[in-house]
Amino acid sequence: MANQIQMIDLKGQYLKIKDEVDAGIQAVIDDTAFINGPAVKQFSEHLSRYMDGRYVTTCANGTDALQIALMALGLRPGDEVIVPAFTYVASAEVIALLGLTPVMVDVDYGTFNVTVENVKKGLSSKTKAIIPVHLFGQSCDMEPILEFAKEHGLYIIEDNAQAMGAEYSFSDGRKAKTGAMGTIGCTSFFPTKNLGCYGDGGAIFTEDEELAERIHMVANHGQRVKYHHDVIGCNSRLDSIQAAILDVKLKHLDEYCAARHKAAAYYTERFKAFDPEGKYFITPEEMPESTHVYHQYTLKIKDGKRDGLKAHLAQSGIPSMIYYPLPLQEQTAFKHITRAAEALENSRACAYSVLSLPIHTEMTREIQDRVIAAVESFFA
Ligand SMILES: *Cc1c(COP(=O)(O)O)cnc(C)c1O
C-alpha cells in the first residue's frame, strides 16, 4: 500500500539518489573488483575525513567491528569490560564471546545513556575497557567518561552504531564526532542505521596509527603480509558494492540527520502540547553537550500502558517498535556470565516502558500527524 506508514522508508530515500547509487553499483560490477576494490578505498578516505581524520578500517558489520576492537586491544580472559545494561545485545555479546567479563552498569533514565557515575560503579582491579553506547542517536556525556578512563588507564570503545553524524561539544568548545573520541570507535552500516548500506557493513575508527594497523591486521586473518599470520584474527570485510552505495549516502548523512531531527522536534512539540505535565509519557531528552541524530524517536510510556498503546497503534496501521524489551541482566544468555555493578533499575524501567515511533529521512507532516493522532487518541 502506497501510503502505508513504515518505521523507516528506505525505498523513498533510495529513489532520490537512485541514479548515483545505480551508477556506483554498476561501476563496481564493470570493474569486477568486488573485494577491497577502489570503491572501498575511496569510501574509507571520505569516511576518515568525515570522522575528524581518524584512521578507518571497514569490516563486515557492526558486531564484528566491536569484536575486532576488543581483539586488537589484546584483552584477555578474565579482563572486565564495562557495558550498559540497556543496549542492543551486540555491545555485550562480543565481550562474552572473547571470554572477557561484561560488567553491566545502569543508564540515565532521561537520556538512555551511561554517565560517568554509572561507569564508576563498574570499576574493579580487573577493568580494562568501557563500551559507552550512544543510544538512539545521542552522544553519552563523554568528557567526564574520557577523564575517568584516562585516570584509570582504561580503553574506551565507543559503540556508535546508532549515532553516526552526531557531534559532542567539550567544555572548552572543542567539538568531536561520536565514534571519534574514544581509543576506538565502532559503527554499523546495517540498512536501517543513519548511515546504512544495502546489506551488511561496519567500520572501526582510531586516531592511533599503530592501533589502526593492528585493527586492519585482525580484520584480515591476522596478517600484515599475505599468508604470514602474526596474530589470530578473523575475516571481516566490507564489499565494494556496499562501499559504493555508502560513498553516495555519506554525502547526504548530515542532511539525513537534520531531517530526522526536524521530524523529532515536531513530534516533541506536539506531544508536549498534548501532555505538558508528562502525565502519559516522557518525550526524548536532549542534552546540551550533544546533537541528537534520532536513530530512534523513543517515548517512555507511563503506568504500564506501553503494550496497550502499541496494540492501539497497530490497529490504526501505525507501526512501532520496542527497543529493547529486556535489559541485559534479564537475558537468559547473560545471567551467568555477567557481573552487575549496581541495581540497574533505570535499565529495567526503560525496557518496560519504551516505545519507538516511525522516524526516517522521508517523514512528512502528514505521516507525523497520523502517528500523533493515533497516539493521542489512545490517551484521550
Ligand atoms: C546495530 C547495532 C550493532 C550491531 O551492528 P550489526 O551491523 O547489526 O552487527 C551494535 N550496537 C548497536 C548499539 C547497534 O544498534
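Residues numbered from 1 in each chain as written. Predicted model: local features only at pLDDT ≥ 70, side-chain atom pairs only at ≥ 80, totals over all residues. Heavy atoms only, no water.

### A word on the overall build of the protein chain
Quick note on the threshold: Strands here mean DSSP runs of E at least two residues long; helices mean DSSP runs of H or I at least four residues long; both are numbered from the N terminus. The quantity called the radius of gyration is restricted to C-alpha atoms. Its globule counterpart is 2.2 Å times the number of residues to the power 0.38. In what follows, residue pairs with any heavy atoms lying within 4.5 Å of each other are defined as contacts. This count recognises Lys and Arg as positive and Asp and Glu as negative, with His and chain-terminal groups excluded. Working definition for charges: the position is that of NZ of Lys, CZ of Arg, CG of Asp or CD of Glu.
Across its full length, the protein chain carries 11 helices and 15 strands. Taken over C-alpha atoms, the radius of gyration comes to 21 Å for the protein chain, in line with the 21 Å a tight globule of 380 residues would show. Taking the principal axes of the C-alpha coordinates as reference, the protein chain spans close to 65 × 55 × 45 Å. By sequence separation, contacts in the protein chain at least 24 residues apart represent 73% of the contacts at least 6 residues apart. Looking at charge distribution, the protein chain has the averaged site of its 37 positive side-chain charges lying 3 Å from that of its 49 negative ones.

### Some remarks on the environment of aspartate 22
As a reminder of what qualifies: Think of it in three bands: with a 1.4 Å probe and only protein chains considered, a residue is buried below 20% of the maximum accessible area for its type, exposed above 50%, and partly exposed in between.
Along the chain, the position of aspartate 22 falls in helix H1 (residues 10-31). On the accessibility criterion, aspartate 22 (26% relative accessible area) is partly exposed.

### Considering the environment of arginine 54
Stated precisely, the cut-off is as follows: In protein, a polar contact requires one atom able to donate a hydrogen and another able to accept it; more generally it is a pair of N or O atoms within 3.5 Å, and residues adjacent in sequence count only if both atoms are side-chain atoms.
Topologically, arginine 54 is positioned in the loop between helix H2 (38-50) and strand S1 (55-59). For the pair arginine 54 and alanine 212, spaced 158 residues apart in the sequence, the C-alpha separation amounts to 9.1 Å. The residues touching arginine 54, leaving out its near neighbours within four places in the chain, are Ser48, Gly179, Ala180, Met181, Gly182, Thr183, Phe205, Thr206 and Glu207. Looking at arginine 54, its side chain comes within polar contact range of the main-chain oxygen of glycine 182, at 2.7 Å.

### Focus on a nonpolar patch on the surface
Note the threshold: Patch building starts from residues that exceed 30% relative accessible area and form no salt bridge, then joins like charges within 9 Å and nonpolar side chains (Val, Leu, Ile, Met, Phe, Trp, Tyr) within 5 Å. All accessibility values rest on the Shrake-Rupley procedure with a 1.4 Å probe; residue burial counts only the protein chains present in the view. Each reported salt bridge corresponds to a side-chain nitrogen of Lys or Arg within 4 Å of a carboxyl oxygen of Asp or Glu.
A contiguous nonpolar patch, built from Ile29, Phe34 and Ile35 and spanning about 250 Å² of accessible area, is present on the exposed surface. On the secondary structure map, phenylalanine 34 appears in the loop between H1 and H2. Residue phenylalanine 34 is classed as partly exposed on the basis of its relative accessible area of 39%.

### A closer look at the site of the ligand
In plain terms, the rule: Definition of nearness: a residue and a molecule or strand are near each other if at least one heavy atom of the residue lies within 4 Å of the molecule or strand. Classes in brief: Ala, Val, Leu, Ile, Met, Phe, Trp, Tyr, Cys and Pro nonpolar; Asp, Glu, Lys and Arg charged; the others, Gly included, polar.
All residues in the neighbourhood of the ligand are listed as Asn61, Gly62, Thr63, Tyr88, Ala90, Val133, Asp159, Ala161, Gln162, Ser188 and Lys193. Within the side chain of asparagine 61, an N or O atom sits 3.4 Å from an oxygen atom of the ligand. A distance of 2.8 Å is found between an oxygen atom of the ligand and a side-chain nitrogen or oxygen belonging to glutamine 162. Among the residues forming the shell around the ligand, the class breakdown is four nonpolar, five polar and two charged.

### Some details on the sheet that holds strand S4 (residues 127-130)
Convention followed: Strands pair, by our definition, only if DSSP identifies at least two bridges between them. In this description, a line fitted to the C-alpha atoms serves as the axis of each element, helices being fitted only across the stretch in contact, and the angle between N-to-C directions of two axes falls anywhere from 0 to 180 degrees.
Pairing is mixed across the open sheet formed by eight strands, whose spatial order is S1-S9-S8-S5-S4-S2-S3-S14. Edge positions in the open sheet fall to S1 and strand S14 (339-340), since each of these has one partner strand only. Pairing of strand S8 (residues 184-188) with strand S9 (residues 202-206) involves four bridges; the strand directions are antiparallel. Following the sheet pairing, serine 188 is matched in S9 by glycine 202. The sheet contacts of helix H6 (residues 142-152) involve S4 and strand S5 (155-159), and relative to S5 the element is tilted by about 150°. Contacts between helix H7 (residues 209-219) and the sheet are confined to S1, S8 and S9, with S1 contributing the most and set at about 10° to the helix.

### Focus on the pattern of salt bridges
Tallied over the entire structure, the rule returns 14 salt bridges. For the salt bridge of aspartate 79 with lysine 128, the shortest nitrogen-to-oxygen distance reads 3.2 Å. With aspartate 79 in the loop between helix H3 (62-72) and strand S2 (80-84) and lysine 128 in strand S4, the pair connects residues that are 49 residues apart, well separated along the chain. In this structure, lysine 121 engages glutamate 342 in a salt bridge whose closest nitrogen and oxygen atoms are separated by 3.3 Å. Here glutamate 342 lies in the loop between S14 and helix H10 (345-351) and lysine 121 lies in helix H5 (residues 116-121), a separation of 221 residues in the sequence. Linked through salt bridges whose partners overlap, the residues forming this network are Glu213, Arg224 and Asp230.

Remember that the coordinates give geometry; whether it matters functionally is a separate question.
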